[in-house]
Amino acid sequence: MQTQKPLEQAGHVPATAVEESAPVIALKHPVRNAIAVLIVVVAALAAIDVALNDRYHWDVVASYLFAPRILTGAVLTLVLTLVSMSVGISLGAVLAIMRLSENPILSMIARAYIWFFRGTPLLVQLIFWYNIAALYPVIALGLPFGGPSMVLGSANVLISPLGAALLGLSLNEAAYMAEIIRGGIGSVDRVQYDASKALGMSGSKLMRRIILPQAMRVVLPPTGNQVISMLKGTSLVSVLAISDLLYSAQIIYSENYQTIPLLIVASLWYLLMTTILSFFQEKLERHYGRGFDSVIKRKRSRKVRSA
Amino acid sequence: MSTAMVEAKGVRKSYGNLEILKGIDLRVEHGSVTCLIGPSGSGKTTFLRCINHLEKINAGRLYVDGSLVGYEERNGRLHEMRDKATAASRRASGMVFQRFNLFPHMTIMGNIIEAPIQVQGRPRKEIIAEAQVLLDRVGLGDRGRSYPQELSGGQQQRVAIARALAMKPKLMLFDEPTSALDPELVGEVLDVMKDLAEEGMSMVVVTHELAFARQVADHVIFMDQGVVVESGPPSQVLDDPQHERTKAFLSKVL
Ligand SMILES: Nc1ncnc2c1ncn2[C@@H]1O[C@H](COP(=O)(O)OP(=O)(O)OP(=O)(O)O)[C@@H](O)[C@H]1O
Ligand SMILES: [Mg+2]
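Cut-offs and rules
Residues numbered from 1 in each chain as written. Chains lettered and ligands numbered in written order. Predicted model: local features only at pLDDT ≥ 70, side-chain atom pairs only at ≥ 80, totals over all residues. Heavy atoms only, no water. UniProt positions renumbered as here; feature names shortened; annotations may be inferred. Helix = DSSP H or I, 4+ residues; strand = E, 2+ residues; numbered from the N terminus. Buried < 20%, exposed > 50% of the residue type's maximum accessible area, 1.4 Å probe, protein only. Contact = heavy atoms within 4.5 Å. Areas by Shrake-Rupley, 256 points an atom, 1.4 Å probe, with all protein chains shown as cover. Buried area = accessible area lost by both parts, 1.4 Å probe. Salt bridge = Lys/Arg side-chain N within 4 Å of Asp/Glu carboxyl O. Polar contact = N/O pair within 3.5 Å; in protein donor to acceptor, adjacent residues only side chain to side chain. Nonpolar A, V, L, I, M, F, W, Y, C, P; charged D, E, K, R; others polar. Arc of directions from axis to C-beta.

An unreviewed UniProt entry lists chain A under the name Amino acid ABC transporter permease, from Paeniglutamicibacter terrestris. Its UniProt record, at the heading Subcellular location (unreviewed entry), says of chain A: "Cell membrane". Per its UniProt entry, chain A bears the Sequence similarities (unreviewed entry) comment "Belongs to the binding-protein-dependent transport system permease family."

Written out as structure tokens, the structure is:
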């Protein structure tokens with residue numbers, strides 16, 4: 001009531017010139033600002049301390065940053081991540097659609113897959129694939145030539161350490177991605193199916209053109225997390241004697257005992273790769289966010305500014 | 001008897017044990033407008049969705065333009081069609097929903113050309129040109145690059161109508177196309193629908209806009225509790241209802 005009256009008056013009686021031109025004073029946050037300054041100061045001091053501390057051996061860090069072995073490891077880590085994520089996402093999408101299928105058998109198969117691969121340790125899965133030849137010499141019987149010993153040999157070639165690593169990481173990732181994609185598909189309004197069916201669309205086109213692009217908005221943020229944990233998780237493959245980034249650093253410091261500097265080298269590379277991948281994630285999120293509230297707000301505010 | 005645009009014979013539909021449609025019989029002639037009125041929960045939406053097989057019927061026969069919807073009749077039995085065939089048979093009808101249901105991730109132009117491109121496989125250029133004509137016709141010729149969220153409800157509904165028309169349907173189904181709109185936006189959507197009716201489009205419209213029904217409809221059907229209670233020209237059903245239930249409903253709506 002109290003606020004209403006002055007408003008009504010303002011409508012009838014013109015406000016004075018002084019009141020109209022009076023500057024707007026933004027709310028001040030002294031305590032918040034003080035805390036922010038304090039944090040900045042502490043962080044800066046810590047950074048200077050780290051930079052000046054000789055025991056970090058920054059010279060060693062610099063000399064190994066572009067060492068061939070480190071670079072090879074970094075490339076391998078990136079390849080492992082990209083290949084495993086690609087296969088994981090594709091297979092995950094298939095599993096998600098199977099899981100949501102009306103066919104109970106398809107749905108059960110997907111459930112069982114997800115249950116198994118999420119329920120057992122990745123390390124065990126990796127070692128399992130690595131040793132698959134030993135566990136299943138039977139596979140060899142399918143090959144057209146030779147006795148058991150020869151066949152065992154070719155099975156080993158078939159699943160090289162790298163092959164085992166890719167297989168293990170991809171199949172494991174697919175189980176997690178299946179659940180993420182299923183959540184995304186579930187988040188799309190049911191009426192979107194009705195609308196596209198009423199227009200004569202059906203099947204995979206409906207899925208690819210209407211449902212999945214809308215699911216992407218929900219799928220992307222957790223997928224970004226998956227990519228980044230995969231990037232670092234690939235270090236697990238060192239058990240298969242594959243020299244990824246971390247393992248390469250470990251090999252080098254086991255020779256020269258410069259543990260901390262080499263771990264810093266590895267971390268810097270992980271940070272760089274994470275930064276680049278996050279950049280792409282943001283681009284994708286913006287792409288698939290088109291037409292939804294958040295992006296419109298951004299556009300509107302831009303328009304207002306230019307107006 | 002010539003074939004009707006829509007012909008329903010004893011159409012029944014249940015959800016579990018609950019029977020929603022209890023034997024619907026009706027005929028919609030080519031080029032005519034039929035308005036479906038009735039209290040909430042009477043099965044209007046359900047019936048409309050049966051016409052283009054978004055819902056499967058449990059008994060009876062439903063023909064659109066002379067052919068069965070979603071089923072094939074072989075040796076006196078109905079066989080359900082595969083999804084693809086059902087989708088193809090749906091193309092005879094376009095549907096406009098209460099809540100517009102535009103594709104939020106596509107521009108207005110994208111919304112309109114999507115189905116013709118995906119489904120009809122005609123040249124993209126031709127489809128875009130047609131879409132532009134449709135957009136001009138619903139008064140939104142300059143909004144092709146906007147996203148649905150950037151339009152008002154009335155504008156979105158007009159896009160939804162244009163989107164359905166882009167498939168060149170012979171029959172348009174409207175499910176309360178104006179009841180999600182602010183009162184001042186209702187007129188612009190009804191105007192588009194009136195134009196369509198004048199051009200001779202066959203239409204089935206579920207609506208509470210009795211003035212629209214009176215002005216545009218050739219036929220008004222009053223439904224209650226899953227049956228057709230009364231049907232006839234608007235002057236009869238709306239102005240001189242014979243059944244108590246119709247009278248009671250009309251007195252509440254007016
Ligand atoms: N998918 C469903 N599962 C179970 N019951 C349903 C389903 N869809 C509709 N119903 C029920 O069917 C009945 C008729 O619904 P319908 O939507 O056809 O009514 P309507 O006449 O369109 O009503 P309104 O005017 O409120 O839109 C309602 O009682 C509703 O609860
Ligand atoms: Mg309804």
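Asker: Would you explain the overall build of chain A in this entry?
Answerer: A count of helical and extended segments in chain A gives 15 helices and zero strands. The proportion of buried residues among the 307 residues of chain A is 34%. Partitioning the contacts of chain A with sequence separation of at least 6, the portion at a separation of at least 24 is 75%. As presented, chain A carries roughly 19100 Å² of accessible surface, and 68% of it is formed by carbon and sulfur atoms.

Asker: Would you mind showing me how to read the interface of chain B and chain A here?
Answerer: Note on interface size: it is often stated as the accessible area lost on association of the parts. In this complex, chain B contributes 27 residues to the contact, which on the side of chain A involves 23 residues. Summed over both sides, the interface between chain B and chain A buries roughly 2300 Å², with carbon and sulfur atoms accounting for 58% of that surface. Counting across the chain B and chain A interface gives two salt bridges. The salt bridge involving R209(A) is made with E114(B); its shortest N-O contact spans 2.7 Å. Applying the counting criterion to the chain B and chain A interface returns eight residue pairs in polar contact (both at pLDDT 80 or more). Here the residues of the side of chain B that touches chain A sort into 13 nonpolar, six polar and eight charged.

Asker: Hey, could you run me through the side chain of T81(A) in this one?
Answerer: Residues and elements named next belong to chain A. When you line up the elements, T81 lands in helix α5 (residues 68–99). T81 gets classed as buried once you look at its relative accessible area, which sits at 1%. Residues within four places of T81 in sequence aside, it is in contact with V227, M230, L231 and T234.

Asker: Explain helix α4 (residues 58–65) of chain A here, please?
Answerer: Residues spaced three or four apart along an α-helix point in a common direction, a consequence of the helix completing one turn every 3.6 residues. All names here are of chain A. Every buried residue of α4 is listed here: V60, V61 and L65. Axial view of α4: buried residues confined to an arc of 135°, hence all on one face. Exposed residues lying more than 90 degrees from the buried face of α4 are D59 and A62. The elements touched by buried residues of α4 are α5 and α14 (259–288).

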